[in-house]
Amino acid sequence: MGKIRNIVILTGAGVSAESGIDTFRDAGGLWEQHRVEDVATPEAFERDPDLVLRFYDMRREAIQTRQPNAAHHALARLDAEWPGGLLIVTQNVDDLHERAGAKRVLHMHGTHLNAWCLACDERSPWTGALIQRPPCPQCGEAALRPDVVWFGEIPYHMDEIHVALREADLFVSIGTSGAVYPAAGFVRDARDLGAATLELNLEPSQGTLWFNEARHGPATAVVPAWVDEMLAGRA
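The name given to the protein chain in an unreviewed UniProt entry is NAD-dependent protein deacylase, with Novosphingobium endophyticum as the source organism. Quoted verbatim from the Function (unreviewed entry) heading of the UniProt record, the comment on the protein chain is "NAD-dependent lysine deacetylase and desuccinylase that specifically removes acetyl and succinyl groups on target proteins. Modulates the activities of several proteins which are inactive in their acylated form." The protein chain has a UniProt comment under Sequence similarities (unreviewed entry) that states "Belongs to the sirtuin family. Class III subfamily."

Below, the structure is given as structure tokens:
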């Protein structure tokens, strides 16, 4: 791979799947028997806010019972020990990277553990339910929604992500389907800018052909092995 200093890591649902967090893709576009269109779009929230709020309340409660797995812990170790630039860009809306100890993390699709007030545009840490329309901690209005990027909305932190990709020597995609844009396009952006590219995934993704190298297997196996190599200077 040559000299690697700056690393950008994209993580997706495959990193958290072994912690017991379900994905859309594994169930053919269903999440707990709901279609994506029914619970993860702005139109769904406008049409049936109670359904959407109940759905996200259940998921917010559930993720707080899950624990980071070996892949999360390995990436947190890399974050702590890597001497160069490093950024973990996650599509996941759980907090398992942070609970494992990672610091250099951006949530491009938001997080279950925030609520976004549509009245004052402030985000607040949130671990409870939203179905009863609690007041916003900032302005007092009952206008909170999950702080999660739904289909059709613009992901967060895109400017920061593109700056990191421009500076990256290595781009690594872990546990992603390669089907959801703009994240699915990061590998081509990184390659065009001269970075080496590596896929770590349970199986070949829709974007595997764009990577210089691909390693396939459970995240709890392939991610710690790769981190060990990087920190030993053998990658």
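After that view, the rundown keeps rolling.
S.K.: How would you explain the overall build of the protein chain if you had to name every residue and give the values?
M.R.: Within the protein chain one finds 9 helices and 11 strands. Relative to its length of 235 residues, the protein chain is compact, with a C-alpha radius of gyration of 18 Å against a globular reference of 18 Å. For the C-alpha atoms alone, the extent of the protein chain along its principal axes is close to 55 × 35 × 30 Å. Across the protein chain, contacts joining residues at least 24 apart in sequence account for 65% of those joining residues at least 6 apart. Summed over all atoms, the accessible surface of the protein chain reaches about 11000 Å², with 50% contributed by carbon and sulfur. Here the protein chain contributes 21 positively and 33 negatively charged side chains, and the mean placements of these two sets differ by 3 Å.

S.K.: Just give me the short version of the sheet that holds strand 1 (residues 7-11), but keep the residues and values in it.
M.R.: Pairing within the open sheet is parallel, and its 6 strands lie in the order 5-4-1-9-10-11. The sheet is open, and its two borders are formed by strand 5 (105-107) and strand 11 (213-216), each paired with just one other strand. Strand-to-strand twist of the sheet, defined as the mean angle between neighbouring strand axes without regard to direction, takes the value 15 degrees. Where strand 10 (residues 196-201) and strand 11 come together, 4 bridges link them in parallel fashion. Within strand 11, the position partnered with leucine 200 by the bridge is arginine 215.

S.K.: Which residues make up the nonpolar core, and what values do they have?
M.R.: With 27 residues, the main nonpolar core has Ile9, Leu170, Val172, Val223 and Trp226 as its most contacted residues. Broken down by secondary-structure element, the contributors of at least two residues to this core are strand 1, helix 5 (70-81), strand 4 (86-90), strand 9 (170-174), strand 10 and helix 9 (219-232). The element contributing the most residues to this core is helix 9, with 6 residues. Look past the residues within four positions of valine 223 in its chain and what remains in contact with it is Ala71, Ala74, Leu75, Ile174 and Leu200. Listed in part, the 20 residues of the second largest apolar core include Phe55, Ala115, Trp126 and Leu130.

S.K.: Outline the side chain of glutamine 91, listing residues and values.
M.R.: Locating glutamine 91 in the fold gives a position in the loop between strand 4 and helix 6 (96-100). Look at glutamine 91 and you get buried, because its relative accessible area is 15%. Here glutamine 91 is in contact with Leu10, Thr11, Gly12, Met108, His109, Thr176, Val180 and Ala183, once residues within four sequence places are set aside.

S.K.: Tell me what's going on with the UniProt feature "binding site: substrate" (unreviewed entry) in the protein chain, and back it up with residues and numbers.
M.R.: With numbering matched to this structure, UniProt assigns "binding site: substrate" (unreviewed entry) to Tyr56 and Arg59. Secondary-structure assignment places tyrosine 56 in helix 4 (residues 49-63). Taking relative accessible area as the criterion, tyrosine 56 reaches 1% and is therefore assigned buried. Side-chain polar atoms of tyrosine 56 contact the backbone oxygen of valine 39, separated by 3.3 Å. Relative to the helices and strands, arginine 59 resides in helix 4.

S.K.: Quick one: what's the story with the side chain of histidine 107, residue by residue and with numbers?
M.R.: Its location among the elements puts histidine 107 in strand 5. A relative accessible area of 12% means that histidine 107 is categorised as buried. A distance of 2.6 Å separates a polar atom in the side chain of histidine 107 from a polar atom in the side chain of glutamate 98. Here histidine 107 is in contact with Thr90, Asn92, Val93, Asp94, Glu98, Tyr156 and His157, once residues within four sequence places are set aside.

Calculation criteria
Residues numbered from 1 in each chain as written. Predicted model: local features only at pLDDT ≥ 70, side-chain atom pairs only at ≥ 80, totals over all residues. Heavy atoms only, no water. UniProt positions renumbered as here; feature names shortened; annotations may be inferred. Helix = DSSP H or I, 4+ residues; strand = E, 2+ residues; numbered from the N terminus. Rg over C-alpha atoms; globule rule 2.2 N^0.38 Å. Contact = heavy atoms within 4.5 Å. Areas by Shrake-Rupley, 256 points an atom, 1.4 Å probe, with all protein chains shown as cover. Lys, Arg positive; Asp, Glu negative; His and termini not counted. Charge placed at Lys NZ, Arg CZ, Asp CG, Glu CD. Pairing = 2+ DSSP bridges. Axes fitted to C-alpha atoms, helices over the stretch in contact; angles between N-to-C directions. Core = buried A, V, L, I, M, F, W, Y, C linked by side-chain atoms within 4.5 Å. Buried < 20%, exposed > 50% of the residue type's maximum accessible area, 1.4 Å probe, protein only. Polar contact = N/O pair within 3.5 Å; in protein donor to acceptor, adjacent residues only side chain to side chain.

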